[in-house]
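Structural characterization, general
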Amino acid sequence: MANPSAPVSGDLTKSLFDSPVDFRSEAIYFLIVDRFNDGHDALGDEEGSEQLDQKGLFDETRQDWGKYWGGNLQGVINKIDYLKSLGVTALWLSPLFEQVSDLQFSRAPMHGYWTRDFKRINPRFLKVGESNSIDQSPTLKLLVETCHSAGIKVVLDIVCNHSSPEINGCKGVVLDDGRPLADFNDDGKDFYYHEGEITDWEDEFQLIHQEMMGLATFNEKNINYRNYIKAAIQMWLDAGIDALRVDTLKHMPIWFWQEFTTAMKAHKPGLFMFGEYGFSKPWEQRSVEYANNIGMSILDFGLCDGIRFCFSGQEPGGFHQVERILGHDCVYHRANELVTFIDNHDMPRFLSIVPDSRKLDLALVLLSTLRGVPCLFYGTEQYLNDSTNGGQDPYNRPMMDSWDTNSHPFVLVQKLLNLRQNNQALALGSHHTAWVNEDFYLYTRNFRDSAVMVMVNKSDHDHIVDAENIRMPDGTYQCLITGYPVTIERGRLFGYTVHGNTAMVISSEGSPVKAPLVVVFQINGFFTQPGQSLAITGDCDELGHWDHAKAYRMEYVNNNTWVATIGFQCDQASLLNYKFVVLQANGDPIVEYLINRRTLLPQSGRIAIDCFWNSNN
Ligand code: NOJ
């Protein structure tokens, strides 16, 4: 190759696998940097507030919700131990890019979505006078190091679709590491679309080319723009960022995202990316197309609505609202990788729509035990909430005001996230509902020999359980939340009382596969019927040397997804030939229609191989 775009460094074989297995077991915490913790030191404070206040963007009294309130990266660093003790393993920070420095209708870009320079850090989040270059800022470096030594990954929130809106005659002025690059009002370089505001949200052309809330919309057809944004984000990856949350997916074409994710993953193999496709639903085809085809996962707005409606009653059905969403899981290639949440910075917090902390506790149990990667919005673990104006933006972004590691919600979340770490059924497993009605929900999550059973009673009254076909090994367990014993006998639970507004969780921890190399294989695209199951056949001991009877049996996740965690012991990196096969009750296998799949396996580590079924029709 004459000019490789990304020379392969380190372990060549590992860089072939760009899907991170680990993210399925992460627990994400999303915070707004300005509203989390003020870490300005006492000496710098006075001087700092003066500097920050030069343009009237800062309000130290924290009365003006549109202005900066002083949270910064040092503040985050000071609370990493707190987050670690909660069980957080990935920290999603609101965008850190340098922002326009002005007020629009008395609102400052404390949220970070009005970028002026994608290659520089917002100085308000740094120490007074510190360099805001990505590779020179000591505070950014310290943040990354502190997170990493606490076992926490850093997730950067990025925006590719737009820069900034019209403010005092300026719009979309963007710098390239301090040098002028683009200006919406003087756009000789064609960096922007100039098509006005979106009026029809069903119109594909408008979604891509027109503006949302007056934000200057980049022209992704311009290769100079694409080169700029790719180079900028790669600089952040070089600074140690581990994963990306990507804004406004829906407003850029699929081809752009495919090119972008490829470039990011070539730069940082194993990078996990998830994006915001606003109000995605599993029955909304365009959002599913994005989720399955752009090389990154999406935030699960469907399940968010399902859980919120379940408790708020905004739509009827109670737990059937949740079941309805899960019933569509097979439309996704990687339902277990969807990032799940119950509220965020763009909607009222859960307590603003359901003002009952007991219900929030139950929603947290669902969030932590249903499929997907749970993402907690900052402060939820302390019941942080402000219901002014129904808790709409900006009142959903209060200043964090408590760090009590003994508070009831903190301890609850801690227990739940601890369970996610210890029982792989939550990260990888299938979902089986044993009982559901509007007010009571009993389900298990299962993977290999690991299982978790959850019961949630959202009514104010006791519920007497009468359920069978519960996929838990027989035995007596102690509920991780209430401490009460629960006995499962021949898969049944009869006459057992679950009190009103109570959740119970029991866990059976199996033994995950351990080997020098563990490969998590996943196959999508063959919709199995009852009696059919998937297996992997191949040219090694583990895969039975092409003997279908000895093929490695995969685990059912849903009709469209089967997973296997297989341990390999190789003396060196080696070639594997394999293919998938459907085993049927009548003994006739359906074998994939292709010349063998072929891949180079590293000698050690944990990698993911995601495949799509090849058929001859
Ligand atoms: C979605 C973000 O979550 C929201 O907060 C922001 O204002 C818009 N995108 C525009 O960037």
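Residues numbered from 1 in each chain as written. Predicted model: local features only at pLDDT ≥ 70, side-chain atom pairs only at ≥ 80, totals over all residues. Heavy atoms only, no water.

Let us now look at unusual backbone geometry. Cis geometry marks the peptide bond from Asp-393 to Pro-394, where omega comes out at 10°. Mapping Pro-394 onto the fold places it in the loop between strand S12 (373-377) and helix H13 (408-422). Although it is not a glycine, Asn-469 sits at a positive phi angle of roughly 55°. Counting through the fold element by element, Asn-469 comes out in the loop between strand S16 (463-467) and strand S17 (475-478). In this structure, Asn-501 takes a positive phi of about 55° despite not being glycine. Along the polypeptide, Asn-501 turns up in the loop between strand S19 (493-498) and strand S20 (502-508). (Helix = DSSP H or I, 4+ residues; strand = E, 2+ residues; numbered from the N terminus.)

Take the packing of helix H9 (residues 301-312) against helix H10 (residues 319-326) next. Contact pair H9 / H10: the axes reach a minimum separation of 7 Å and the direction vectors enclose 165°. Here H9 lies roughly antiparallel to H10, going by the angle between them. Crossing angle aside, the handedness with which H9 passes H10 is right-handed. Residues Gly-302, Leu-303, Gly-306, Ile-307, Phe-309, Cys-310 and Phe-311 of H9 form the contact with H10, whose participating residues are Phe-319, Gln-321, Val-322, Ile-325 and Leu-326. Per-class residue counts for the contact of H9 with H10 are 9 nonpolar, 3 polar and no charged. (Axes fitted to C-alpha atoms, helices over the stretch in contact; angles between N-to-C directions. Parallel < 35°, antiparallel > 145°, perpendicular 65-115°, else oblique. Left-handed = near helix turned anticlockwise from the far one by under 90°. Contact = heavy atoms within 4.5 Å. Nonpolar A, V, L, I, M, F, W, Y, C, P; charged D, E, K, R; others polar.)

Take the packing of aromatic side chains next. On inspection of all chains with the given rule, the structure shows 35 aromatic pairs. Taking 5.0 Å as the distance between ring centres and 15° as the angle between the ring planes, the aromatic pair formed by Tyr-192 and Phe-218 counts as stacked. Of this pair, Tyr-192 sits in the loop between strand S7 (179-182) and helix H5 (204-209) while Phe-218 sits in the loop between H5 and helix H6 (223-238), and the two are 26 residues apart along the sequence. Pairing Tyr-578 with Phe-580 gives two aromatic rings, centres 6.0 Å apart and planes at 80°, and the pair type is edge-to-face. When its relative accessible area of 0% is taken as the criterion, Phe-580 is described as buried. (Phe/Tyr/Trp six-rings, centres within 6.5 Å; stacked < 30°, edge-to-face > 60°. Buried < 20%, exposed > 50% of the residue type's maximum accessible area, 1.4 Å probe, protein only.)

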